[in-house]
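The residues making up each chain are set out below.
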Amino acid sequence: MADDFNNRYNEQVQSSNMQNSQNAYQGAAQGFNPNMGMPPQETKASAGLAILSYLIPIVGLILYLTKKDTRPKTAKVCGKCALASFIINIVIIGVMYGVMGAAMFSGLADADDAADSSYSDDVRAAKDKNKSNKVSDGTIGDYKCIVKGAEKCKDYAGKDAVLITYDFTNNSKNAISFDVALDAAAYQEGVGLETAILDEDTDLLDVEIKPGVTKEVRKAYLLRNTSSEVEIEISELISLSDDKIVTKVTL
């Protein structure tokens with residue numbers, strides 16, 4: 001019986017040794033040494049790595065991928081910082097492009113306004129040039145009228161007056177008189193002068209002339225003084241145009 005007891009005891013010891021050996025082998029295979037205790041746990045995330053991840057988002061992504069198993073808190077914070085930095089950079093770039101686009105659009109609009117203004121100035125200059133050409137050669141509408149001369153005189157009541165002599169050419173298709181075709185107004189110091197009646201006939205203002213004919217006509221105006229120059233403005237009597245022939249006469 002002593003032999004049986006010793007045999008069973010040895011079998012139990014061998015079985016226990018084998019179980020311990022198997023547990024040790026499995027612990028070593030799983031990276032756990034039962035003699036060393038539990039691995040240390042991460043208590044807080046690394047602030048330095050978090051700042052680095054914000055400054056360089058790609059580094060934060062790499063830290064998140066490489067440390068999410070061994071240092072999960074640090075990996076999570078690094079990932080969040082990298083994502084936040086990426087989004088903020090995208091927003092800043094979008095705002096910058098928006099401001100640049102608005103400035104560019106404003107510059108183009110200013111350039112268009114300047115071009116339009118320049119075009120308007122050119123058109124206005126062309127119109128003014130046309131007007132000055134009409135003044136220089138005396139052409140207005142279908143007619144031509146040139147101031148040939150001016151002389152001081154007296155009206156029937158002895159008041160000072162000026163007698164203006166015109167060369168009137170009818171270039172229209174119908175016979176017409178000077179006073180029906182044109183309005184000849186006189187000014188002194190910007191104030192209009194009244195028509196004067198002379199003792200002599202102020203000749204042929206109402207006489208019709210045929211197309212292509214030139215006729216000398218005369219018209220008298222009462223003077224406000226005998227020293228200031230007289231400005232003669234000739235325009236069409238019936239017209240939608242504002243064109244005028246302007247001639248200044250020195251007394």
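Residues numbered from 1 in each chain as written. Predicted model: local features only at pLDDT ≥ 70, side-chain atom pairs only at ≥ 80, totals over all residues. Heavy atoms only, no water.

## Quick word on the overall build of the protein chain
Next, step 1: Along its length, the protein chain carries 5 helices and 8 strands.
Next, step 2: Taken as a whole, the protein chain presents about 17500 Å² of accessible surface, with 56% of it coming from carbon and sulfur. (Helix = DSSP H or I, 4+ residues; strand = E, 2+ residues; numbered from the N terminus. Areas by Shrake-Rupley, 256 points an atom, 1.4 Å probe, with all protein chains shown as cover.)

## Structural notes on the pairing of strand β3 (residues 160–170)
Next, step 1: Taking burial as the measure, the 11 residues of β3 include 9 buried ones, the bulk of the element.
Next, step 2: Here strand β2 (residues 143–154) runs beside β3; their pairing, made up of 11 bridges, is antiparallel. Bridge assignment links K154 to a residue of β3, and that residue is D160.
Next, step 3: The turn joining β2 and β3, which pair antiparallel and follow one another in sequence, is formed by 5 residues; a positive phi near 85° is taken by G158.
Next, step 4: When β3 meets strand β6 (residues 214–222), the two strands line up antiparallel, connected through 9 bridges. Bridge pairing in β6 links A161 to L222. (Buried < 20%, exposed > 50% of the residue type's maximum accessible area, 1.4 Å probe, protein only. Pairing = 2+ DSSP bridges.)

## Examining the sheet that holds strand β7 (residues 230–236)
Next, step 1: Reading across from one edge, β5-β4-β7-β8 is the order of the 4 strands in this open sheet, with antiparallel pairing throughout. A strand with exactly one partner marks an edge of an open sheet, and here the two such strands are β5 (191–192) and β8 (245–249).
Next, step 2: Bridge analysis of strand β4 (residues 182–188) against β5 gives 2 bridges, and the strand direction is antiparallel. Among the inter-strand pairings, Q188 is bridged to a residue of β5, identified as V191.

## Some remarks on the pairing of β2
Next, step 1: As defined by bridge partners, strand β1 (residues 139–140) adjoins β2 across 2 bridges and the pair is classed as antiparallel. Across the sheet, I140 pairs through a bridge with Y143, a residue of β2.
Next, step 2: The antiparallel hairpin formed by β1 and β2 contains 2 residues in its connecting segment, where G141 sits at a positive phi of about 60°.

## Focus on unusual backbone geometry
For residues that are not glycine, phi is negative in most cases, and the peptide bond is trans in most cases.
Next, step 1: We note that E189 has phi near 55°; this positive angle belongs to a residue other than glycine.
Next, step 2: With respect to the helices and strands, the residue E189 is situated in the loop between β4 and β5.
Next, step 3: E189 gets classed as exposed once you look at its relative accessible area, which sits at 62%.

## Examining the pattern of salt bridges
Next, step 1: With the rule as written, the count across this model stands at 4 salt bridges.
Next, step 2: K148 is paired through a salt bridge with D167; the nearest N and O atoms lie 3.9 Å apart. On the criterion of sequence distance, the pair formed by K148 in strand β2 and D167 in strand β3 is long-range, its members being 19 residues apart.
Next, step 3: Under the relative-accessibility criterion, K148 is labelled partly exposed at 47%.
Next, step 4: Assessed through its relative accessible area of 24%, D167 is described here as partly exposed.
Next, step 5: Put simply, K148 and E216 hold a salt bridge, and the shortest N to O gap is 2.8 Å. With a gap of 68 residues between them, K148 in strand β2 and E216 in strand β6 connect regions that are remote in the sequence.
Next, step 6: Accessibility expressed as a relative area gives 37% for E216, which makes it partly exposed. (Salt bridge = Lys/Arg side-chain N within 4 Å of Asp/Glu carboxyl O.)

## So, the side chain of Q188
Next, step 1: With respect to the helices, strands and loops of the structure, Q188 is situated in strand β4.
Next, step 2: Of the polar contacts made by the side chain of Q188, one reaches the backbone nitrogen of R224; its length is 2.7 Å.
Next, step 3: Of the polar contacts made by the side chain of Q188, one reaches the backbone oxygen of S228; its length is 3.0 Å.
Next, step 4: Excluding anything up to four places from it in sequence, Q188 contacts L193, L223, R224, N225, S228, E229, V230 and L251. (Polar contact = N/O pair within 3.5 Å; in protein donor to acceptor, adjacent residues only side chain to side chain. Contact = heavy atoms within 4.5 Å.)

## Here's the deal with the sheet that holds β3
Next, step 1: As summarised here, the arrangement of the 4 strands in space is β1-β2-β3-β6, forming an open sheet in which the pairing is antiparallel. This sheet does not close on itself; its edge strands, each paired only once, are β1 and β6.

## Examining the nonpolar core
Next, step 1: Of all hydrophobic cores here, the largest spans 25 residues; its most connected members are Y166, F168, F178, L182, Y221, I232 and I234.
Next, step 2: Ranked by residue count, the leading element in this core is β3, at 4 residues. (Core = buried A, V, L, I, M, F, W, Y, C linked by side-chain atoms within 4.5 Å.)

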